[in-house]
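# Examination of the molecular architecture
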Amino acid sequence: MPELPDVETERRYLAATALHRRITRVHADQDLLEGTTPAAMGRVLHDRRFETTHRHGKFLFAASDGPWWLVLHFGMTGGLVFFKAGGAVSPPRHIRLLFEFDNDYRLAYDCQRKLGLIALCRDPATFVSDRGLGPDALDSRLDLDAFEEARVGRRLPVKAWLMDQQAIAGIGNVYSDEILFHARIHPACRINALDPETVQRLFQLMKKILEQCVKARAEPDRMPVSFLLPHRTPDGCCPRCGVALARQRISGRMAYFCPQCQAESGD
Ligand SMILES: [Zn+2]
């Protein structure tokens, strides 16, 4: 499922391919639209150009040169493909949203399972606050104090807290495991049971790991071998100590962790 590093990679891809091109036609799949219709989307974006991009958590925004921003959430399987009609790159198979530009260029939002979201908004900040999203995990305004503040009064497992988009936006099942692996914290450990030094370590590693994964374009093959992600399979072993990785269902999601490096504190 696309998380912060994946969505940031999509944002950079959109920014590198589809900005400043005149939109000549829009095709949208009603099933994924929220608060708009294919006709309305076509009307407000026709003859417009995307001028800039933004990301908050797992949401990608593209500003048009009109009053509207496009909002995309990639659900479980979504992604963007830029191509030229009749060119070397073939169109993807599950197009839910397609922008046609001048000179036969196209930007497709491809999503095999219909779990993504396509919307329009007037500005990202209002969209983010209307949905009650917490600060973006890589936003510089999310400092240690704000991180500490986000856990006040919370008692859930640290993995579930990291994945709570209302607490911090951008982290899901995969990257919560990666961050906790580096911080050597058991995923079921309660967020309120962590001491201040551990919280500081968790905060610093969250930033560092996410930045490294953005740099690796969210591809496990590009990540250091010391990372959990390339080994995160049912028969995978800890890249640090070599013992078999453990799995445990936490708040409905399957956590992978090293039972030796991330031993439960007994809390
Ligand atoms: Zn280990």
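In this text, all values refer to a predicted model and were calculated from it rather than measured experimentally.

In this section: the packing of aromatic side chains. Each aromatic ring pair is summarised here by two numbers: the centre-to-centre distance and the angle between the ring planes. Applying the stated rule across the entire model yields nine aromatic pairs. Relative to Phe99, the ring of Phe50 has its centre 5.1 Å away and its plane inclined at 90°; by these criteria the two rings are edge-to-face. Highlighted residues: Phe50 in strand S2 (residues 50-56) and Phe99 in strand S6 (residues 95-101), separated in sequence by 49 residues. Judged by its relative accessible area of 0%, Phe50 is buried. For the pair Phe82 and Tyr105, a centre-to-centre distance of 5.5 Å together with 5° between the ring planes defines the contact as stacked. In this pair, Phe82 sits in strand S5 (residues 79-84) while Tyr105 sits in strand S7 (residues 105-110), placing the two residues 23 residues apart along the sequence.

So, about a nonpolar patch on the surface. A surface patch of nonpolar side chains, about 250 Å² in accessible area, is lined by Met1, Met76 and Leu115. Structurally, Met76 is set in the loop between strand S4 (69-73) and S5. Met76 sits in the partly exposed class, given a relative accessible area of 32%.

Each value, and the rule that gives it
- Residues numbered from 1 in each chain as written.
- Predicted model: local features only at pLDDT ≥ 70, side-chain atom pairs only at ≥ 80, totals over all residues.
- Heavy atoms only, no water.
- Phe/Tyr/Trp six-rings, centres within 6.5 Å; stacked < 30°, edge-to-face > 60°.
- Helix = DSSP H or I, 4+ residues; strand = E, 2+ residues; numbered from the N terminus.
- Buried < 20%, exposed > 50% of the residue type's maximum accessible area, 1.4 Å probe, protein only.
- Patch = residues over 30% accessible without salt bridge, like charges linked within 9 Å, V, L, I, M, F, W, Y side chains within 5 Å.
- Areas by Shrake-Rupley, 256 points an atom, 1.4 Å probe, with all protein chains shown as cover.
- Salt bridge = Lys/Arg side-chain N within 4 Å of Asp/Glu carboxyl O.

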